[in-house]
Amino acid sequence: MEKRTLIIYTVITLMGFIFAVMSGYSQEDVINVEDSAFEKKMRPAVPFLHDKHNETAGIDECNTCHHVYEDGKENEYDSSEDQECSECHTINKGDNSMSLVKIYHLQCKGCHQKKKAGPIMCSECHPR
Amino acid sequence: MHDIYNFVSGPLVWVSFIIFFGGSLYRLISMAVLARKKDVFVYEYMSLKFGLRSILHWIIPFGTVKWRKNPLFTIVTFTFHICIIFIPIFLSAHIILWKESWGISWWYISDTAADVLAIVVIASCIFFLVRRIVLPEVKYLTSISDYVILAIVAAPFITGFWTYHQWPGFKVMGIIHIVAGEIMLAAIPFTRLIHMIFFPFTRGYMGSEFGAIRHAKDW
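Residues numbered from 1 in each chain as written. Chains lettered and ligands numbered in written order. Predicted model: local features only at pLDDT ≥ 70, side-chain atom pairs only at ≥ 80, totals over all residues. Heavy atoms only, no water.

Caption draft 1: Expanded view of the overall build of chain B. Scanning chain B for helices and strands turns up 12 helices and zero strands. Ordered by position from N to C terminus, the α and β elements of chain B give α-α-α-α-α-α-α-α-α-α-α-α. Summarising its shape, the C-alpha atoms of chain B cover approximately 60 × 35 × 35 Å along the three principal directions. Within chain B, the proportion of its 219 residues that are buried is 40%. For chain B, the accessible area works out to roughly 12,900 Å², and carbon and sulfur atoms hold 76% of it. (Helix = DSSP H or I, 4+ residues; strand = E, 2+ residues; numbered from the N terminus. Buried < 20%, exposed > 50% of the residue type's maximum accessible area, 1.4 Å probe, protein only. Areas by Shrake-Rupley, 256 points an atom, 1.4 Å probe, with all protein chains shown as cover.)

Below, the structure written as structure tokens:
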């Protein structure tokens, strides 16, 4: 292969790659769980392909996760996907954000344990 | 994997805690009864003042002649004992799990700090192992059970370190880590690890007898 063709190939592949990444971002697909309330992350980010996850897991209702409570009871007809979990589940004072970690773990890991499918160990959800 | 994980992180945790607390209580009570039967003076000699005085000297690094005679051993022993109690109680991952299960949480150390301390523990275990093999006077007193106990203590730290760094086989290693911790807890009452529970009483008694009866120091 000539030097020039090689350079052209490289440039085209690079542009294609950049385009793929950009379009991935522009669609704003959720690929990680990234709650803005965690200031400094201790563990690697949690990969979570939002739509694909819910499809393979067979979860039909958005409020299975994005729930709304009224008078201490879950409201089946309402959902809260326009809010981050931490907007309601605020970090307790002097709690080092453990209260927020807890509700994420209870929801994600809790269902996986119940269904006996999906990751349950730290390393599975926080891969390096 | 789910069934195994749920089992070792559920019922087995309770089993190990019950064996640890129940077994320790049983060993304490049976030792107290035995002491009463064999040697009534144990109770008469026991003195709070002299007992505490002796314990205080022994829990301070270089606070006794024995500690001063062997500086390297003393330093390793103290850091090792502090670390093996400190790490599991203040590890963020453990606190997260307690928070999820029992709703309790407290201050924790950073994962990096825990990492360094875990290396210190593993290195100490290697030091103890080499010491047993190399020093003739220690080797003479060593039996198989000493190596087994060393392995029981080292295992949770090696497997935990492995799992945290997600080295190959980390999922299985994670399960082994949980079981290793449970084995260590359950082994405490029924092996020489019982010194963790007996220490205040054995040392306290020595201090009492030396202090009140022989009017001598035991440090």
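Caption draft 2: Spotlight on the overall build of chain A. Across its full length, chain A holds five helices and four strands. Going from N to C terminus, chain A has its helices and strands arranged as α-β-β-α-β-β-α-α-α. Relative to its 128 residues, chain A shows a buried fraction of 17%. A sequence separation of at least 24 residues applies to 35% of the contacts in chain A between residues at least 6 apart. As presented, chain A carries roughly 10,100 Å² of accessible surface, and 58% of it is formed by carbon and sulfur atoms. (Contact = heavy atoms within 4.5 Å.)

Caption draft 3: Expanded view of the interface of chain B and chain A. Between chain B and chain A, the contact holds 24 residues from the first and 23 residues from the second. With both chains or domains summed, chain B and chain A bury close to 2,200 Å², and 58% of this area falls on carbon and sulfur atoms. When the buried area of chain B at its contact with chain A is split by residue, His 2, Glu 100 and Tyr 108 of chain B rank highest and sum to 29% of it. Where chain B touches chain A, the interface holds four salt bridges. Our count for the contact surface shared by chain B and chain A stands at 10 residue pairs in polar contact (both at pLDDT 80 or more). Every element with two or more residues in the side of chain B that touches chain A is listed here: α1 (2-8), α7 (92-102) and α11 (170-187) of chain B. The element best represented in the side of chain B that touches chain A is α7 of chain B, accounting for seven residues. Looking at the side of chain B that touches chain A residue by residue, the classes come out as 11 nonpolar, eight polar and five charged. (Buried area = accessible area lost by both parts, 1.4 Å probe. Salt bridge = Lys/Arg side-chain N within 4 Å of Asp/Glu carboxyl O. Polar contact = N/O pair within 3.5 Å; in protein donor to acceptor, adjacent residues only side chain to side chain. Nonpolar A, V, L, I, M, F, W, Y, C, P; charged D, E, K, R; others polar.)

Caption draft 4: The arrangement of a negative patch on the surface in detail. Residue and element names in this part refer to chain A. The grouping of Glu 70, Asp 71, Asp 78, Glu 81, Asp 82 and Glu 87 at the surface amounts to a negative patch. Inspection of the secondary structure assignment puts Asp 71 in the loop between β3 (69-70) and β4 (73-74). Note on Asp 71: relative accessible area 83%, which makes it exposed. (Patch = residues over 30% accessible without salt bridge, like charges linked within 9 Å, V, L, I, M, F, W, Y side chains within 5 Å. Lys, Arg positive; Asp, Glu negative; His and termini not counted. Charge placed at Lys NZ, Arg CZ, Asp CG, Glu CD.)

Caption draft 5: Just the packing of helix α4 (residues 48-58) of chain B against helix α12 (residues 195-213) of chain B, in detail. All names here are of chain B. Following both chains from N to C, one finds α4 and α12 inclined at 115 degrees, their axes separated by 7 Å at the closest point. For the crossing formed where α4 meets α12, the hand is right-handed. Listed contacts from α12 to Phe 50, Gly 51, Arg 53, Ser 54, Ile 55 and Trp 58 of α4 are Phe 199, Pro 200, Arg 203, Gly 204, Gly 207, Ser 208, Gly 211 and Ala 212. In terms of residue class, the contact of α4 with α12 is made up of six nonpolar, six polar and two charged. (Axes fitted to C-alpha atoms, helices over the stretch in contact; angles between N-to-C directions. Left-handed = near helix turned anticlockwise from the far one by under 90°.)

Caption draft 6: Region of the structure containing the pattern of salt bridges. A complete count under the given rule lists six salt bridges over all chains for this structure. As a salt-bridge pair, Arg 43 of chain A and Asp 111 of chain B come within 3.5 Å of each other at their nearest N and O atoms. Taken together, the positions of Arg 43 of chain A in the loop between β1 (32-33) and β2 (46-47) and Asp 111 of chain B in helix α8 (residues 111-134) put the pair across two chains. You can call Arg 43 of chain A partly exposed: its relative accessible area is 24%. One salt bridge in this structure joins Arg 132 of chain B and Asp 146 of chain B, with 3.7 Å as the shortest N-O distance. Here Arg 132 of chain B is found in helix α8, whereas its partner Asp 146 of chain B is found in helix α10 (residues 144-164), with 14 residues between them in sequence. The structure contains a network of salt bridges with shared partners spanning Arg 132, Asp 146 and Arg 192 of chain B.

Caption draft 7: Examining the nonpolar core more closely. Residues and elements named next belong to chain B. Formed by 34 residues in total, the largest nonpolar core has its most connected members in Phe 80, Val 121 and Val 153. For this core, the secondary structure elements donating two or more residues are α6 (71-90), α8, α10, α11 and α12. Leave out the neighbours within four places in its chain, and Val 153 touches Phe 80, Ile 84, Met 184 and Leu 193. (Core = buried A, V, L, I, M, F, W, Y, C linked by side-chain atoms within 4.5 Å.)

Caption draft 8: Focus on the side chain of Asp 35 of chain A. Residues and elements named next belong to chain A. Mapped onto the secondary structure, Asp 35 falls in the loop between β1 and β2. In this structure, Asp 35 is buried with no salt-bridge partner, the nearest side chain bearing the opposite charge being Lys 41 at 7.1 Å. In this structure the side chain of Asp 35 is engaged in a polar contact, spanning 2.6 Å, whose partner is the side chain of Tyr 104. Once residues lying within four places of it in the same chain are set aside, the contact partners of Asp 35 are Lys 41, Glu 84, Cys 85, Ser 86, Leu 100 and Tyr 104.

Caption draft 9: Highlighting unusual backbone geometry. In the Ramachandran plot, Asp 71 of chain A falls in the positive-phi region, its phi being about 50 degrees despite a non-glycine side chain. Located in the positive-phi region is Gln 166 of chain B, a residue other than glycine, with phi close to 50 degrees. By the element assignment, Gln 166 of chain B lies in the loop between α10 and α11. Accessibility expressed as a relative area gives 17% for Gln 166 of chain B, which makes it buried.

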